[in-house]
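Below are the chains, spelled out letter by letter.
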Amino acid sequence: MSKLGQAKRIIFLKTADGQLFEVDEPVAMEFEIVKSFFDENEDAADDTVVPLPNVSAEPLAGIIEFCKAHVEFRANGAAGKDEVKKFNAEYIKEKSNEQLKELILAANYLNIKEMLDFLTETIANRLKNKSVEYVRAFFGIENDFTPQEEEAVRKEYEWAFEGVDED
Amino acid sequence: MEASEFTELIPSLPHELGLDCLTRLPYLSHRVASGVCRRWRQLLLCREFYHHRKQSGHTHQVACLVQALSGGKISDDGPKPGESLSYGLTVFDPVGRVWSRIDPVPEYPNGLPLFCQLAGCEGKLVVMGGWDPVSYDPVCDVFVYEFAMQRWRKGKDMPMKMSFFAVGSHSGRVYVAGGHDENKNALRTGWVFDLRLDEWTELPQLSQERDECEGVVIGDGFWVVSGYGTENQGAFDGSADVYNFGLGQWRRVEGVWEPGRCPRSNVGVGKEGKLVNWSELDPAIRAGSCGIMLGNMVVGNRVGVSRSSTWVL
């Protein structure tokens, strides 16, 4: 691991689709899976490439962006402040539902607790005030109620549709 | 949680992650979400899910108030001459800082029984007892409101007619004690209502009759504070009986309340679990008002008990 006076250490990560990422050590160590890789292989050479067979390049780039910002926030003592909330809101704003799902799967594989908390919270927020049909389509969930059950269930939540978002 | 441990709640997401997403869903979205598919419905409606949300810090407290309604609005200026007030339930959600109205109880569409008691219990609100708003006869009705599903169901009737009793809740059960019967005899009886079993069970007797006492739950005890006996109408006592949930026994505690002072809606839990009187906390709280503790706000007690036509936070 990096010592005082040494150049910043770079960690090499290789995605499922064969892309090589060079990541600053503190950011890569946010990924529990990378951290334990080095914990278990203490003698690993500095240019060791960590394979990430379950993550492709696009979500990994997004995750690095998120973790990099959060490592800096912590270093600056800004954790939990409005600045962070603002960054998170901006970060997620441009992400489609599909991207969000890819991110959460990747963050789960890499085991990044802080990001997972943020992403599951985001998903829950996106489901607020949405119709049953929207939620099913969002996740690709099959409607497994019988027509009779569906009818009964529908009666129950019908008036709850007032105020449901159009999308 | 166990029954659905290995099924995916959200396709392609591991169960844990799907559960995390649903755990973070605000309770107001539960009703719609429970119509998505069988697995979601099973999860959202089960009691363990509530406890899971609570343990992981995703439940929050709301304040429930019985408030006077007038022409569909909450009245600011009390009843007009000759008009009798009707009461409904309002909820203050401190997270969104919003007030909302709960649908009327099906059997009392025009107003709740007068002086009914409220208790919050595992994401549900229990309304019990009180007087018929038209005939003023005491009633034994029990209604349970599920916040997540936003619906009422009828619970098993109270085992006897009682008014102005103390109420408190703990671990899926609502405890009641004291008050008076239909002939105005002060009571020293206590009962517990199990929400899940929909069942009433009698408790051991209080150390004395306690009409117009007030209930509050502190730690593992249900405090039945003050009150008076049939022969001492209005002479509020300084003692309390405390029911220990673990031991299933009452213990009498002296000198916890200012004698002569009515405890109704004024008992709160202060620092270190000591009893406090709301109306003495702050001169801004006017006489006759009532409070409920809401987290660390100096107002209120969980989904609590209160009666007020103008409560300003």
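Bear in mind that the values here come from a model prediction, so they are computed numbers and not experimental data.

This paragraph deals with the overall build of chain B. Counting its secondary structure elements, chain B contains 4 helices and 20 strands. Buried residues in chain B amount to 53% of all 313 residues. Considering only contacts in chain B between residues 6 or more positions apart, those separated by 24 or more positions represent 48%. When the accessible surface of chain B is summed, it comes to about 14,200 Å², and 50% of that surface belongs to carbon and sulfur atoms.

Residue and element names in this part refer to chain B. For helix α4 (residues 47-55), the full list of buried residues reads F49, Y50 and R53. The buried side chains of α4 occupy one side of the element, clustering within an arc of 105° when seen end-on. Elements in contact with the buried residues of α4: α1 (15-23), α2 (30-33) and α3 (38-45). Phi turns positive, to about 75°, at G57, one or two residues after α4.

This part covers the interface of chain B and chain A. Counting residues at the interface gives 27 residues for chain B, matched by 31 residues for chain A. With both sides pooled, the region where chain B packs onto chain A buries about 2,500 Å², and carbon together with sulfur makes up 65% of that total. The largest share of the area that chain B buries against chain A comes from B:R24, B:R31 and B:R38, three residues that together contribute 25% of it. Between B:R24 and A:E121 there is a salt bridge whose closest N-O contact spans 3.3 Å. There are 7 residue pairs in polar contact (both at pLDDT 80 or more) connecting chain B and chain A. Taken together, the elements giving at least two residues each to the side of chain B that touches chain A come down to α1, α2 and α3 of chain B.

Okay, the domain arrangement of chain A next. Residue and element names in this part refer to chain A. For chain A, the assigned domains are domain 1 (10-128) and domain 2 (130-162). Measuring from the centre of the C-alpha atoms in domain 1 to the corresponding centre in domain 2 gives 34 Å. Taken together, the 6 residues of domain 1 in the interface contact 5 residues of domain 2. Summing the contributions of domain 1 and of domain 2, the shared interface buries around 600 Å²; its carbon and sulfur component is 61%. Considering only the surface of domain 1 that becomes buried against domain 2, N97, K101 and L127 emerge as the three largest contributors, covering 65% of it. Seen at the junction of domain 1 and domain 2, the total is 0 salt bridges. At the junction of domain 1 with domain 2, the criterion picks out 4 residue pairs in polar contact (both at pLDDT 80 or more).

Quick look at the packing of aromatic side chains now. Under the definition given, this model contains 27 aromatic pairs over all chains. Each ring, one from A:F66 and one from A:F118, has its centre 5.2 Å from the other, and the planes form 20°; the classification is stacked. With A:F66 in helix α3 (residues 57-75) and A:F118 in helix α6 (residues 113-127), this residue pair connects regions lying 52 residues apart in the sequence. Per residue, the accessibility class of A:F66 equals that of A:F118, and both read buried. Measuring from centroid to centroid gives 6.0 Å for B:Y108 and B:F143, while their planes differ by 85°, and the two rings are edge-to-face. Of the two residues, B:Y108 sits in the loop between β4 (98-101) and β5 (117-121) while B:F143 sits in strand β7 (residues 142-146), which places them 35 residues apart along the sequence. The same class applies to B:Y108 and to B:F143, which are both buried.

This part covers the side chain of B:R264. Residues and elements named next belong to chain B. Mapped onto the elements, R264 comes out in the loop between β16 (249-253) and β17 (267-269). Classification of R264 by relative accessible area gives buried; the value is 13%. Among the polar contacts listed, one links the side chain of R264 to the backbone oxygen of C213, at a separation of 2.7 Å.

This brings us to unusual backbone geometry. Residue and element names in this part refer to chain B. Positive phi is not limited to glycine here, since Q150 has a value of about 50°. Here Q150 is to be found in the loop between β7 and β8 (151-155). By relative accessible area, which is 14% here, Q150 ends up buried. We note that D198 has phi near 55°; this positive angle belongs to a residue other than glycine. Within the fold, D198 resides in the loop between β11 (190-194) and β12 (199-202). Residue class for D198 comes out partly exposed when judged on its relative accessible area of 27%.

What follows covers the sheet that holds strand β3 (residues 49-52) of chain A. Residues and elements named next belong to chain A. Reading across the sheet, the 3 strands line up as β2-β1-β3 and stay open at both edges, with mixed pairing between neighbours. Looking at the sheet topology across the chains shown, the edges are occupied by β2 (20-24) and β3. Geometrically, the sheet is characterised by an average inter-axis angle of 30° between neighbouring strands, direction not taken into account. Bridge analysis of strand β1 (residues 10-15) against β3 gives 4 bridges, and the strand direction is parallel. Residue pairing for β3: L13 is matched across the bridge by V50. Seen against the sheet, α3 touches β1, β2 and β3 and runs at an angle of roughly 10° to β2.

Computed from the structure, the largest pocket encloses a volume of approximately 980 Å³. Considering the residues around the largest pocket, the lining is formed by 40 residues, among which B:Y50, B:R53, B:E122, B:G123 and B:K124 are closest to the centre. Only α6 of chain A together with α3, α4, β5 and β9 (166-170) of chain B provide two or more residues apiece to the lining of the largest pocket. Examining the composition of the lining of the largest pocket, we find that 5 residues originate from one element, α4(B), more than from any other. Residue composition of the lining of the largest pocket, grouped by class: 15 nonpolar, 12 polar and 13 charged.

What counts, and where the lines are drawn
Residues numbered from 1 in each chain as written. Chains lettered and ligands numbered in written order. Predicted model: local features only at pLDDT ≥ 70, side-chain atom pairs only at ≥ 80, totals over all residues. Heavy atoms only, no water. Helix = DSSP H or I, 4+ residues; strand = E, 2+ residues; numbered from the N terminus. Buried < 20%, exposed > 50% of the residue type's maximum accessible area, 1.4 Å probe, protein only. Contact = heavy atoms within 4.5 Å. Areas by Shrake-Rupley, 256 points an atom, 1.4 Å probe, with all protein chains shown as cover. Arc of directions from axis to C-beta. Buried area = accessible area lost by both parts, 1.4 Å probe. Salt bridge = Lys/Arg side-chain N within 4 Å of Asp/Glu carboxyl O. Polar contact = N/O pair within 3.5 Å; in protein donor to acceptor, adjacent residues only side chain to side chain. Domains from an automatic or database assignment. Phe/Tyr/Trp six-rings, centres within 6.5 Å; stacked < 30°, edge-to-face > 60°. Pairing = 2+ DSSP bridges. Axes fitted to C-alpha atoms, helices over the stretch in contact; angles between N-to-C directions. 1 Å grid on protein atoms, 1.4 Å probe; cavity = no way out; pocket = protein on both sides within 12 Å on 5 of 7 lines; lining within 4 Å. Points joined across faces, edges and corners; volume = space filled by probe spheres on them. Nonpolar A, V, L, I, M, F, W, Y, C, P; charged D, E, K, R; others polar.

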